[in-house]
Amino acid sequence: MALYEELCDLLGEDKVLIDEPMSRHTTFRVGGPADYFVIPEGPEEIKEVITLLKREDIPYYILGNGSNLLVGDKGYRGVIIQMYKNLNRIDTKGNQIYAQAGALLSKIAAEAQAQSLTGFEFASGIPGTMGGAVMMNAGAYGGEMSHVLVNATILTQEGVIKTLTLDELELGYRTSIIARNGYVVLEAVISLEPGNPEEIHARMEELKEKRVTKQPLEYASAGSTFKRPEGYFAGKLIEDAGLRGFRVGNAQVSAKHCGFVINRGGATAAEIVALMDYVADKVEAVSGVRLKPEVKRIGEF
């Protein structure tokens with residue numbers, strides 16, 4: 001319990017949880033207990049926690065709002081560091097929006113609309129946070145973070161806080177230097193253009209309607225399950241392989257959009273992994289294309 005006491009000394013007992021079920025913190029609503037689940041208040045606390053964990057050689061994972069993530073049924077051996085509700089400040093200065101890593105993209109889009117700024121409508125329905133969006137260069141409906149990002153303040157593996165420009169972030173399709181080097185996003189700045197608030201609202205409503213009618217939002221999921229193969233669409237490949245609605249236990253390929261694996265209720269991580277593996281194998285056998293997961297897996301399965 002020495003680690004528990006050290007974490008409590010850094011953060012306070014109310015911000016350190018033991019054996020916290022990860023099903024409470026992922027959009028898949030799946031996942032066993034994390035040994036420790038901590039909720040730091042700001043960049044300095046994050047730095048202190050990570051410094052402690054590195055010194056003690058204890059595994060850790062940075063968690064936003066839990067989208068795009070699958071945690072094993074046996075849980076996570078180490079410390080989950082949640083950067084979400086306590087790190088969600090959003091400020092606007094001119095045509096630039098400054099957002100902490102835990103700020104929801106939907107909240108940032110709402111702030112942009114309120115300030116009559118256009119260019120971030122694409123992200124209004126993405127179920128993620130600024131930190132995850134920067135790390136993975138999130139995108140939808142023709143827009144992506146690389147189109148609006150100015151810079152990001154990050155914490156390096158060596159415990160150094162520094163700001164990286166757009167070029168230094170090396171954003172690609174669902175990747176960045178942050179993902180490759182194990183950096184932690186603390187905050188980021190986006191630059192938008194002046195716009196008509198009514199037109200911005202109309203565009204956001206249009207994209208919302210597309211999501212509601214085409215995506216299985218009524219079920220728990222991690223978003224798009226597989227990366228888009230170059231020259232193809234994952235959902236179309238899965239449909240062409242005859243897998244629309246295919247199930248393993250309570251995990252299912254959505255009948256509404258084959259690019260989503262959904263939790264029909266009570267699915268296990270093992271069922272989801274088995275379904276993803278089966279889909280990848282079947283699609284490869286039919287089309288010759290091997291689908292790669294977009295959903296990140298952590299913990300013990």
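Residues numbered from 1 in each chain as written. Predicted model: local features only at pLDDT ≥ 70, side-chain atom pairs only at ≥ 80, totals over all residues. Heavy atoms only, no water.

Per an unreviewed UniProt entry, the chain goes by the name UDP-N-acetylenolpyruvoylglucosamine reductase and belongs to Faecalicatena contorta. Comment text from UniProt for the chain, heading Subcellular location (unreviewed entry), reads "Cytoplasm". Annotation of the chain in UniProt includes, under Catalytic activity (unreviewed entry), the sentence "UDP-N-acetyl-alpha-D-muramate + NADP(+) = UDP-N-acetyl-3-O-(1-carboxyvinyl)-alpha-D-glucosamine + NADPH + H(+)". (UniProt positions renumbered as here; feature names shortened; annotations may be inferred.)

Things to note about the nonpolar core
Core analysis: the largest hydrophobic core is formed by 54 residues, its most contacted members being Leu7, Ile108, Phe120, Val134, Met145 and Ile190. Viewed by domain, this core spans two of them, domain 1 (1-82) and domain 2 (90-214), each represented by three or more residues. Of all hydrophobic cores here, the second largest spans 25 residues; its members include Ala222, Leu237, Val261 and Val283. (Core = buried A, V, L, I, M, F, W, Y, C linked by side-chain atoms within 4.5 Å. Buried < 20%, exposed > 50% of the residue type's maximum accessible area, 1.4 Å probe, protein only. Domains from an automatic or database assignment.)

A closer look at the domain arrangement of the chain
Along its sequence, the chain is organised into domain 1 (1-82), domain 2 (90-214) and domain 3 (220-298). When each unit is reduced to the centre of its C-alpha atoms, the spacing between domain 1 and domain 2 is 24 Å. In this complex, domain 1 contributes eleven residues to the contact, which on the side of domain 2 involves ten residues. Carbon and sulfur atoms supply 65% of the area that domain 1 and domain 2 bury against each other, a total of about 880 Å² over both sides. Contact with domain 2 buries area across many residues of domain 1, yet Pro43, Lys47 and Asn65 alone supply 41% of it, more than any other trio. Along the contact surface separating domain 1 from domain 2 lie zero salt bridges. Inspection of the region where domain 1 meets domain 2 yields four residue pairs in polar contact (both at pLDDT 80 or more). (Contact = heavy atoms within 4.5 Å. Buried area = accessible area lost by both parts, 1.4 Å probe. Salt bridge = Lys/Arg side-chain N within 4 Å of Asp/Glu carboxyl O. Polar contact = N/O pair within 3.5 Å; in protein donor to acceptor, adjacent residues only side chain to side chain.)

Observations regarding the sheet that holds strand 13 (residues 184-191)
Strand order in the open sheet formed by five strands is 6-7-13-11-12, and the pairing between neighbours is antiparallel. The open sheet is flanked by strand 6 (90-93) and strand 12 (161-165), the only strands paired with a single partner. Shown here is a sheet whose adjacent strand axes are inclined to one another by a mean of 20 degrees, direction ignored. Taken together, the four bridges between strand 6 and strand 7 (residues 96-100) define a ladder with antiparallel strand orientation. When the sheet's bridge partners are listed, aspartate 91 is paired in strand 7 with tyrosine 98. (Pairing = 2+ DSSP bridges. Helix = DSSP H or I, 4+ residues; strand = E, 2+ residues; numbered from the N terminus. Axes fitted to C-alpha atoms, helices over the stretch in contact; angles between N-to-C directions.)

Some words on the packing of helix 1 (residues 2-11) against helix 2 (residues 43-55)
The packing of two helices is summarised by the inter-axis angle and the distance between the axes. Two numbers describe how helix 1 lies on helix 2: the axes approach to 10 Å, and their chain directions differ by 160 degrees. When the axes of helix 1 and helix 2 are compared, the pair comes out roughly antiparallel. As for the relative orientation of helix 1 and helix 2, their crossing is right-handed in sense. Residues Leu3, Glu6, Leu7, Leu10 and Leu11 of helix 1 touch helix 2, and the partners they reach there are Glu45, Glu48, Val49, Leu52, Leu53 and Arg55. (Parallel < 35°, antiparallel > 145°, perpendicular 65-115°, else oblique. Left-handed = near helix turned anticlockwise from the far one by under 90°.)

A word on helix 7 (residues 197-214)
With 18 residues, helix 7 should cover 26 Å at 1.5 Å per step; its first-to-last C-alpha distance of 26 Å lies within 8% of that length. Within the span of helix 7, buried status applies to Ile200, Met204, Leu207 and Arg211. All buried residues of helix 7 project into a common sector of 65 degrees when viewed along the axis, lining one side. Exposed residues on helix 7 whose side chains face more than 90 degrees from its buried face are Glu198 and Glu199. Those residues of helix 7 hidden inside the fold are in contact with helix 3 (105-114), strand 8 (117-118) and strand 9 (139-140). Sitting at the amino-terminal end of helix 7 is asparagine 196, which places a side-chain oxygen 2.8 Å from the backbone nitrogen of glutamate 198. (Expected span 1.5 Å × (residues − 1). Arc of directions from axis to C-beta.)

Focus: the layout of surface pockets
To locate leftover empty space, one rolls a probe as large as a water molecule over the atoms. In this structure, the second largest pocket encloses a volume near 180 Å³. Considering the residues around the second largest pocket, the lining is formed by Arg24, His25, Thr26, Thr27, Arg29, Asn65, Gln82, Tyr84, Lys85 and Leu104. A per-class count over the lining of the second largest pocket returns two nonpolar, five polar and three charged. (1 Å grid on protein atoms, 1.4 Å probe; cavity = no way out; pocket = protein on both sides within 12 Å on 5 of 7 lines; lining within 4 Å. Points joined across faces, edges and corners; volume = space filled by probe spheres on them. Nonpolar A, V, L, I, M, F, W, Y, C, P; charged D, E, K, R; others polar.)

Brief notes about the packing of helix 3 against helix 7
Look at helix 3 against helix 7: their axes get within 9 Å of each other, and the N-to-C directions meet at 155 degrees. One element, helix 3, and the other, helix 7, form an angle in the roughly antiparallel class. Contacts between helix 3 and helix 7 involve Ala109, Ala110 and Gln113 from the first element and Pro197, Ile200, His201 and Met204 from the second. Classifying every residue of the contact of helix 3 with helix 7 gives five nonpolar, two polar and no charged.

Notes on unusual backbone geometry
The phi torsion of most residues other than glycine is negative, and most of the peptide bonds are trans. In the Ramachandran plot, asparagine 137 falls in the positive-phi region, its phi being about 50 degrees despite a non-glycine side chain. On the secondary structure map, asparagine 137 appears in the loop between helix 4 (130-136) and strand 9. For tyrosine 141, which is not glycine, the phi torsion reads 50 degrees and is therefore positive. When you line up the elements, tyrosine 141 lands in the loop between strand 9 and strand 10 (143-144). Judged by relative accessible area, which is 32%, tyrosine 141 ranks as partly exposed.

Quick word on the UniProt feature "domain: FAD-binding PCMH-type" (unreviewed entry) in the chain
If you check UniProt for "domain: FAD-binding PCMH-type" (unreviewed entry), the listed places come out as residues 29-195 in our numbering. Structurally, residues 29-195 is divided into 23% helix and 34% strand, and its ends, taken at the C-alpha atoms, are 38 Å apart.

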